[in-house]
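Listed below are the residues making up each chain.
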Amino acid sequence: MSLRVVLSKSNELINEKQQSSPESHRILAVKGGSASLFCCPTFEYIGCKSEQKFLHYRMKQAIQAVAQVLKQRNRFVLTTHVNPDGDGLGSEVALAEWLADRGKQVTILNHSATPEFYLFLDPHGRIKKFNEQEDASKLAEADVIVVMDTNHTDRVRAMEPHLLKSNAVKIC
């Protein structure tokens, strides 16, 4: 499988779901700030002598854009896929701690409750199960929404319409 990378300076979400194949429904996005990076499974090569150099250049830009967003924004919502596993939960908790140490306001919301055998990953009880009536406003008010361990927005289930509607910078 190859990789298509599109770099955009606009804050508009590029909708890769308009393509018909299931592989094209993958969205990896850094949206907002001075640059946006969107990836889907076909490689489009623009003006570099090698695919590797092109990807290295674009990934460096993406990392810089994410770092800028994490530094400049204050209200974060973190989430992961339905039926979360250790990868998603551990990533949420680690990023939440890192952001909180920098004075950021962090909320962790997941569609599914944390499985009992993963509760040890969240000793402070930061991870909450999404409740539409109570939590939709948190997505609407967030400066940044980070979706961990998946690049398919439909994997956040009941949170998806609120996530897509939010004006927050989205990092998936």
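Just so you know, these numbers come straight off a predicted model, no measurement behind them.

Before going further, it helps to spend a moment on the nonpolar core. Core analysis: the largest hydrophobic core is formed by 17 residues, its most contacted members being F76, L78, L99, V144 and V146. Mapped onto this core, the elements with two or more residues apiece are α1 (51-72), β4 (75-80), α2 (86-101), β5 (105-110), β7 (144-148) and β8 (169-171). For this core, the element with the highest residue contribution is α2, accounting for 5 residues. In this view, L78 contacts E92, L95, A96, L99, V106, T107, I108, L109 and V146; residues no more than four positions away in its chain are not counted. Core analysis: the next-biggest nonpolar cluster, separate from the first, contains 12 residues, V77, L139, V147 and A168 among them.

Scored by pLDDT, the protein has a mean of 77; 70% of the residues are at 70 or more. Contacts from residues 1-46, a stretch scored under 50 in pLDDT, to residues over four places away or in other chains number 114 contacts.

The final tally for this structure, using the stated rule, is 3 salt bridges. A salt bridge links E97 to R126; the shortest N-O distance between them is 3.1 Å. Here the residue E97 occupies a position in helix α2, and R126 occupies one in the loop between β5 and β6 (127-129), the gap between them amounting to 29 residues. Using a relative accessible area of 28% as the deciding quantity, one classes E97 as partly exposed. Given the relative accessible area of 23%, R126 is considered partly exposed. Across the salt bridge formed by D135 and K138, the nearest N and O atoms sit 3.1 Å from each other. Remark: K138 and D135 occur in helix α3 (residues 132-141); sequence separation between them is 3 residues, near one turn of the helix. Here K138 falls in the partly exposed class, since its relative accessible area comes to 35%.

The rules we used
- Residues numbered from 1 in each chain as written.
- Predicted model: local features only at pLDDT ≥ 70, side-chain atom pairs only at ≥ 80, totals over all residues.
- Heavy atoms only, no water.
- Core = buried A, V, L, I, M, F, W, Y, C linked by side-chain atoms within 4.5 Å.
- Buried < 20%, exposed > 50% of the residue type's maximum accessible area, 1.4 Å probe, protein only.
- Helix = DSSP H or I, 4+ residues; strand = E, 2+ residues; numbered from the N terminus.
- Contact = heavy atoms within 4.5 Å.
- pLDDT = per-residue confidence, 0-100.
- Salt bridge = Lys/Arg side-chain N within 4 Å of Asp/Glu carboxyl O.

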